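Close look at the chain arrangement
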Amino acid sequence: MDEGKALKIRLTFSVILVGISLMFAAVVTDHWAVLSHRVENYNSTCEAAHFGLWRLCTKQFSIQDKATKERSCGVLTLTGDRNCSYFKHFSPGQSTEIFERTTQKEYSISAAAIAIFSVGFAIIGTICILLSFRKKMDYLLKPASMFYTFAGLCMIISVEVMRQSVKRMIDSKETIWIEYYYSWSFACACASFVLLFICGIALLLISLPRFPQNPWESCMDAEPEH
């Protein structure tokens with residue numbers, strides 16, 4: 001492998017590591033979406049929640065500012081007791097009845113399972129690319145690029161499944177949640193898709209043999225990789 005190609009691979013791999021870090025941050029945290037209900041009275045108790053692939057957290061606090069009247073609870077950084085529990089289908093001993101009532105359990109399980117596939121593809125791709133740095137193993141760059149591309153695709157599918165889950169929760173008549181916004185875990189998942197997918201394609205193009213530069217050349221005339 002020539003020095004120019006090796007430098008391109010290392011730069012691409014550096015960006016891929018950023019994408020993998022964002023992916024792990026999205027998978028293990030529970031700030032994908034923030035839910036709140038409308039505040040009718042300025043001295044009422046407000047309840048807000050945020051959740052991820054595995055866990056739901058709720059907060060209750062008193063609203064004493066008249067400026068918040070007819071607005072949502074909004075920011076979860078306000079002082080208040082936070083109660084977090086894992087989804088019942090992942091931890092039978094935990095209780096998350098609100099979530100179970102207002103969204104399809106299958107959506108949550110599907111989003112988590114697809115995210116796990118994304119993590120698995122990223123790990124396998126990293127193993128392949130690390131092995132490719134050794135001599136005479138450049139052929140592993142192509143499968144590594146495909147694994148990273150698949151990881152990005154799985155992550156964006158998980159994002160879409162989660163988005164549909166939130167929509168069904170908000171549309172349900174059995175819930176108090178009427179307003180929502182996506183938080184930083186959701187942004188990390190979207191950013192990881194962009195980085196992994198684009199860099200996976202770039203890595204595939206870098207690993208391909210040199211294209212013919214003259215009409216009389218063919219791909220077989222390219223310099224060998226080893």
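Basis of the calculations
Residues numbered from 1 in each chain as written. Predicted model: local features only at pLDDT ≥ 70, side-chain atom pairs only at ≥ 80, totals over all residues. Heavy atoms only, no water. Helix = DSSP H or I, 4+ residues; strand = E, 2+ residues; numbered from the N terminus. Buried < 20%, exposed > 50% of the residue type's maximum accessible area, 1.4 Å probe, protein only. Contact = heavy atoms within 4.5 Å. Salt bridge = Lys/Arg side-chain N within 4 Å of Asp/Glu carboxyl O. Patch = residues over 30% accessible without salt bridge, like charges linked within 9 Å, V, L, I, M, F, W, Y side chains within 5 Å. Areas by Shrake-Rupley, 256 points an atom, 1.4 Å probe, with all protein chains shown as cover. Phe/Tyr/Trp six-rings, centres within 6.5 Å; stacked < 30°, edge-to-face > 60°. Lys NZ or Arg CZ within 6 Å of the ring centre and 35° of its normal. Pairing = 2+ DSSP bridges. Core = buried A, V, L, I, M, F, W, Y, C linked by side-chain atoms within 4.5 Å. Polar contact = N/O pair within 3.5 Å; in protein donor to acceptor, adjacent residues only side chain to side chain. Disulfide = S-S within 2.5 Å. pLDDT = per-residue confidence, 0-100. Axes fitted to C-alpha atoms, helices over the stretch in contact; angles between N-to-C directions. Parallel < 35°, antiparallel > 145°, perpendicular 65-115°, else oblique. Left-handed = near helix turned anticlockwise from the far one by under 90°. Nonpolar A, V, L, I, M, F, W, Y, C, P; charged D, E, K, R; others polar.

It is worth spelling out the overall build of the chain at this point. When helices and strands are counted, the chain shows five helices and five strands. Reading the helices (α) and strands (β) of the chain from amino to carboxyl end gives α-β-β-β-β-α-α-α-β-α. Going through the 226 residues of the chain one by one, you find that 42% of them count as buried. Long-range contacts, defined as pairs at least 24 residues apart, comprise 67% of the intrachain contacts of the chain with a sequence gap of at least 6.

Under the counting rule described, the total for this entry stands at two salt bridges. With a shortest N-O distance of 2.5 Å, aspartate 30 and arginine 55 are connected by a salt bridge. One end of the pair, aspartate 30, is in the loop between α1 (3-28) and β1 (33-36); the other, arginine 55, is in strand β3 (residues 55-62), with 25 residues separating them in the sequence.

The next point concerns a nonpolar patch on the surface. A cluster of nonpolar residues, Phe24, Ile123, Ile127 and Leu131, forms a patch on the protein surface that exposes about 320 Å² of accessible area. Among the elements that line the nonpolar patch, the one with the most residues is helix α3 (residues 105-132), at three residues. Residue placement: isoleucine 123 occurs in helix α3. Assessed through its relative accessible area of 41%, isoleucine 123 is described here as partly exposed.

Our focus in this paragraph is the packing of aromatic side chains. This structure, assessed with the given rule, holds six aromatic pairs. Ring plane angle 80 degrees and centroid distance 6.2 Å describe the contact between tryptophan 32 and phenylalanine 186, whose orientation is recorded as edge-to-face. Placement of the pair is tryptophan 32 in the loop between α1 and β1 and phenylalanine 186 in helix α5 (residues 184-207), with a sequence separation of 154 residues. Judged by its relative accessible area of 11%, phenylalanine 186 falls in the buried class. Among the aromatic side chains, those forming a connected cluster through ring pairs are Trp32, Tyr182 and Phe186. Arginine 10 extends its terminal NZ or CZ atom over the ring of phenylalanine 133, reaching a point 5.4 Å from the ring centre.

With that out of the way, let us pick up the side chain of threonine 149. On the secondary structure map, threonine 149 appears in helix α4 (residues 141-171). On the accessibility criterion, threonine 149 (6% relative accessible area) is buried. Discounting chain neighbours no more than four positions away, the residues touching threonine 149 are Leu196, Phe197, Gly200 and Ile201.

Once that is clear, we can look at the pairing of β1. Burial of β1 is two-sided: the residues Ala33 and Leu35 facing one way and the residues Val34 and Ser36 facing the other way are all buried. Taken together, the four bridges between β1 and strand β5 (residues 179-182) define a ladder with antiparallel strand orientation. Considered in β5, the bridge of valine 34 is made with tyrosine 181.

One finds Met23, Trp32, Phe51, Leu53, Ile129, Tyr148 and Leu203 to be the most contacted residues of the largest nonpolar core, which totals 43 residues. Among the secondary structure elements, those contributing two or more residues to this core are α1, β1, β2 (45-51), α3, α4 and α5. Among the elements that line this core, the one with the most residues is α4, at 12 residues. When neighbours within four sequence positions are excluded, leucine 203 is seen to be in contact with Ile9, Thr12, Ile16, Ile129, Leu141, Ala144, Ser145 and Tyr148.

So, on to the side chain of serine 207. Inspection of the secondary structure assignment puts serine 207 in helix α5. Within the structure, the side chain of serine 207 is placed 2.8 Å from the backbone oxygen of leucine 204, a separation counted as a polar contact.

With that settled, the discussion passes to the state of the cysteines. Applying the stated rule across the entire model yields zero disulfides. Here cysteine 190 stays unpaired: no disulfide links it, and the sulfur of cysteine 188, its closest cysteine neighbor, is 9.4 Å away. Residue classification places cysteine 190 among the partly exposed positions, given a relative accessible area of 24%.

Mean pLDDT for the chain: 76, with 65% of residues reaching 70 or above. The weakest mean pLDDT in the chain belongs to helix α2 (residues 97-102) at 48; the strongest belongs to α5 at 93. In this model, residues 66-70 is a region of pLDDT below 50 whose contacts with residues beyond four sequence positions or in other chains number seven contacts.

The next point concerns the packing of α4 against α5. Between α4 and α5, the least distance of the axes is 8 Å, while the angle of their chain directions is 155 degrees. With respect to α5, the axis of α4 lies roughly antiparallel. The two elements α4 and α5 meet at a crossing, and its hand is left-handed. When the residues that make up the contact of α4 with α5 are grouped by side-chain class, the tally is 18 nonpolar, six polar and one charged.

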